[in-house]
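Now for the letters of each chain:
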Amino acid sequence: MDDVAILLLAAGGSTRMRGGDKLLERIDGEPLLHRQAQAALAAADRVLVTLPPNAPARRAVLADLAERLTVVEVADAASGMASSIRAGVAQLPPDCTAVLIVPADMPELDKDAFFSIISKFNSEDKPSIVRATSADNQPGHPVLFPRFCFPALLQLQGDRGARDVVQQYRDRVLQVPLPDRAALTDLDTPEDWANWRARTKL
């Protein structure tokens, strides 16, 4: 799995948290961003994390992992998710065969999910996009993009993420179901977090 990188998208503004930062919310005492970075490092040797400018608190929670991952500062992070994807993909080394793009605000994604998707990619004879789904097959995140998608990823604009690239290569998309709603669960508001904690007891 050495040649597959994980790109953890953590440059969003948490604008719906009303002053809080969802990536610093604690799960079992651990900030979400640190937890997801550790999961990524358990599944891949190359991990990149996008951050917005002037995010000292997010940088601080990654300090003990700094030697093992690459932080990519996204100057225009406020323009949308595409800017983070472009910045991250631009930093991938030439021998990288694929990138698994992971939104950092999805707490039910773990190293097993990352392993499952990367293993599916590596098991195929023909390079394919590999997309996680919920247990009932609703498309979600994360999504792995082979190198042939990199030029399209570098052209993305706005806040639609990489869905246009998935659509462009829809005949080369494989799906991997993850448990329950892990591929769909993102937490954007204080109410989202409260409801999730009540359900999971975390």
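Each remark here, short or long, concerns the structure printed above.
Residues numbered from 1 in each chain as written. Predicted model: local features only at pLDDT ≥ 70, side-chain atom pairs only at ≥ 80, totals over all residues. Heavy atoms only, no water.

Requested: an account of the overall build of the protein, with residues and values cited.
For the protein, the helix and strand inventory stands at seven helices and nine strands. For 202 residues, the compact-globule estimate of 2.2 N^0.38 gives 17 Å, and the protein sits close to it at 16 Å. Over its C-alpha atoms, taken along the principal directions, the protein stretches across nearly 45 × 35 × 30 Å. Here the protein, with 202 residues, has 50% of them falling under the buried criterion. Considering only intrachain contacts with a sequence separation of at least 6, the fraction spanning at least 24 residues in the protein is 71%. In the structure as shown, the protein presents an accessible area of about 9,500 Å², 47% of it carried by carbon and sulfur atoms. Across the protein, 23 positive and 27 negative side-chain charges occur, with their mean positions spaced 3 Å apart. (Helix = DSSP H or I, 4+ residues; strand = E, 2+ residues; numbered from the N terminus. Rg over C-alpha atoms; globule rule 2.2 N^0.38 Å. Buried < 20%, exposed > 50% of the residue type's maximum accessible area, 1.4 Å probe, protein only. Contact = heavy atoms within 4.5 Å. Areas by Shrake-Rupley, 256 points an atom, 1.4 Å probe, with all protein chains shown as cover. Lys, Arg positive; Asp, Glu negative; His and termini not counted. Charge placed at Lys NZ, Arg CZ, Asp CG, Glu CD.)

If you had to explain the pairing of strand β4 (residues 46-51) to someone new, which residues and values would you point to?
Extensive coverage of β4 is indicated by the burial of five of its six residues. Two strands pair when backbone bridges link them, and strand β1 (residues 4-9) and β4 are joined in this way by five bridges, in the parallel orientation. Looking across to β4, one finds that Ala5 is bridged to Arg46. Once the chain exits β4 it traverses helix α2 (residues 56-61) before rejoining the sheet at strand β5 (residues 70-73), and the crossover so formed is right-handed. (Pairing = 2+ DSSP bridges. Right-handed = clockwise from strand over helix to strand, strands pointing away.)

Summarise the sheet that holds β5; cite the residues concerned and give the values.
Pairing in this open sheet of seven strands is mixed, and the strands run β5-β4-β1-β6-β8-β7-β9 from one edge to the other. The two strands at the open ends of the sheet, each matched to only one other strand, are β5 and β9 (173-177). The average angle at which neighbouring strand axes cross in this sheet is 25°, direction not considered. Across five bridges, strand β7 (residues 129-133) lies against β9 in parallel orientation. Looking at the pairing, Ala132 lines up with Val176 of β9. Helix α3 (residues 81-90) contacts β1, β4, β5 and β6 (98-103) of the sheet and is inclined by roughly 150° relative to β1. Of the strands in this sheet, β1, β6, β7, β8 (139-146) and β9 touch helix α4 (residues 111-123), which is tilted by about 45° from β8. (Axes fitted to C-alpha atoms, helices over the stretch in contact; angles between N-to-C directions.)

I'd like a rundown of the nonpolar core, residues and numbers included.
Ile6, Leu33, Val49, Leu62, Phe114 and Leu144 are the most contacted members of the largest nonpolar core, which totals 43 residues. Mapped onto this core, the elements with two or more residues apiece are β1, α1 (32-43), β4, β6, α4, β7 and α7 (190-200). With seven residues, the single largest contributor to this core is α1. Leu48, Val72, Ala82 and Ala87 belong to the second largest nonpolar core, which has 28 residues in total. (Core = buried A, V, L, I, M, F, W, Y, C linked by side-chain atoms within 4.5 Å.)

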